[in-house]
Amino acid sequence: KYGPFDFAMMECGQYDEKWSNIHMMPEETAQASLDINTEVMMPIHWGAFSLAFHDWDDPIKRVVKKVKDLNIPITVPVVGDEIILDNINLHLKKWWVK
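Sequence positions are assigned chain by chain, starting from 1 and proceeding in written order. Reporting in this predicted model follows two pLDDT cut-offs: at least 70 for local features of residues, and 80 or more for side-chain atom pairs to be given and counted; totals over whole chains, interfaces and linings ignore these cut-offs and use all residues. Calculated side-chain values reflect all of the structure's heavy atoms, with hydrogen atoms and water omitted.

Peer 1: How do you make sense of the overall build of the protein when you look at a structure like this?
Peer 2: Secondary structure assignment for the protein yields 2 helices and 2 strands. Strands are runs of DSSP state E lasting at least 2 residues, helices are runs of H or I lasting at least 4, and numbering of each runs from the N terminus. The order of α-helices and β-strands along the protein, N terminus first, is β-α-β-α. Radius of gyration (C-alpha) of the protein: 13 Å, near the 13 Å computed for a compact globule of 98 residues. Judged by the C-alpha coordinates and their principal axes, the protein covers about 35 × 35 × 20 Å. Summed over all atoms, the accessible surface of the protein reaches about 6800 Å², with 54% contributed by carbon and sulfur. As defined in this context, the radius of gyration uses C-alpha atoms, and a globule is described by 2.2 Å times the residue total to the power 0.38. For the accessible areas, the method is Shrake-Rupley and the probe is 1.4 Å, while residue cover comes only from the protein chains on display.

Written as structure tokens, this is what we have:
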């Protein structure tokens, strides 16, 4: 019914166990990408502003680890970079790491 998809932008940030009915944890984001059978996943809604008590880079660190475990291709472009959907470039540089 849903998918497969060539590309999916998946919500991945501002989470807390208390908010489980409205926000996914990063590991759930990765699993949801697998569930919808997406070819490439891009995590969104992380690192822009703080509502939760986690570090700004916690969502991306956790989702990157989980997609690696699940063998899901991921793209994480630098904020402001363009994405060409006809030929999705897998941005693999971990620019958020100091």
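Peer 1: Sorry, what's going on with the pairing of strand 1 (residues 5-11) here?
Peer 2: The side chains of a regular strand alternate, first on one face of the sheet and then on the other. One ladder, built from 6 bridges, connects strand 1 with strand 2 (residues 38-44); its direction is parallel. Its bridge partner lying in strand 2, M9 is registered against M42. Handedness of a crossover is defined as follows: with both strands directed away from the viewer, a clockwise route from the first strand across the helix to the second makes it right-handed. In terms of handedness, the path from strand 1 via helix 1 (residues 26-35) over to strand 2 forms a crossover that is right-handed. At least two bridges found by DSSP between two strands are what make those strands a pair.

Peer 1: Sorry if this is basic, but what is going on with the packing of helix 1 against helix 2 (residues 58-70) here?
Peer 2: When two helices pack together, their arrangement is given by the angle between their axes and by how far apart the axes lie. Helix axes are fitted to C-alpha atoms over the stretch in contact, other axes to C-alpha atoms as well, and angles between N-to-C directions run from 0 to 180 degrees. It is at 8 Å that the axes of helix 1 and helix 2 come closest, and there the two elements cross at 40°. Here helix 2 runs oblique to helix 1, going by the angle between their axes. Crossing geometry of helix 1 relative to helix 2 is assigned as right-handed. Contacts between helix 1 and helix 2 involve P26, E27, T29, A30, Q31 and L34 from the first element and P59, R62, V63, K66, V67 and L70 from the second. Across the contact of helix 1 with helix 2, the residue classes tally to 7 nonpolar, 2 polar and 3 charged. When describing relative orientation, an angle under 35 degrees is termed roughly parallel and one over 145 degrees roughly antiparallel, while 65 to 115 degrees is termed roughly perpendicular and anything else oblique. A crossing counts as left-handed when the near helix is turned anticlockwise from the far one by less than a right angle, and as right-handed when that turn is clockwise. Any two residues whose heavy atoms approach within 4.5 Å at even a single point are treated as in contact. Under this grouping Gly is polar, as are all residues other than the nonpolar Ala, Val, Leu, Ile, Met, Phe, Trp, Tyr, Cys and Pro and the charged Asp, Glu, Lys and Arg.

Peer 1: When you look at the packing of aromatic side chains in this model, what are you seeing that I'm missing?
Peer 2: The relation between two aromatic rings is expressed through the spacing of the ring centres and the mutual angle of the planes. Each aromatic pair joins two rings of Phe, Tyr and Trp (for Trp, the six-membered one) with centres within 6.5 Å, and gets the label stacked for planes under 30 degrees apart, edge-to-face for over 60, and tilted for any other angle. For the structure on display, the rule yields 4 aromatic pairs. On the basis of an interplanar angle of 15° and a centroid distance of 6.0 Å, the ring pair of W46 and W56 is categorised as stacked. Residue W46 is found in the loop between strand 2 and helix 2, and its partner W56 is found in the loop between strand 2 and helix 2; the two are separated by 10 residues along the sequence. According to the relative accessible area criterion, W46 is buried, its value standing at 11%. Each residue is assigned to one of three classes by its accessible area relative to the maximum for its type, calculated with a 1.4 Å probe on protein chains only: buried under 20%, partly exposed between the two thresholds, exposed over 50%.

Peer 1: Mind showing me how you'd approach the environment of V40 here?
Peer 2: Following the sequence through the fold, V40 ends up in strand 2. By relative accessible area, which is 8% here, V40 ends up buried. Placed 41 residues apart in sequence, V40 and D81 show a C-alpha to C-alpha distance of 17 Å. Sequence-distant contacts of V40, defined by excluding residues within four places in its chain, comprise D6, F7, A8, P73, I74, T75, I88 and L90.

Peer 1: What should I look at first to understand the side chain of E11 in this one?
Peer 2: On the secondary structure map, E11 appears in strand 1. Nearest to the buried, unbridged E11 among oppositely charged side chains is R62, at 11 Å. Under this definition, polar contacts are N or O atom pairs within 3.5 Å; protein pairs additionally need one hydrogen-donor-capable and one acceptor-capable atom, and for neighbouring residues in sequence, both atoms have to be side-chain atoms. A polar contact of 3.5 Å, which involves the side chain of E11, links it to the backbone nitrogen of G13. Contacts of E11, omitting those with residues within four sequence positions, involve H23, M24, T29, I44 and H45. For the charge count, each Lys or Arg is scored as positive and each Asp or Glu as negative, with His and the chain ends excluded. Throughout this description, the term salt bridge denotes a Lys or Arg side-chain nitrogen within 4 Å of a carboxyl oxygen of Asp or Glu.

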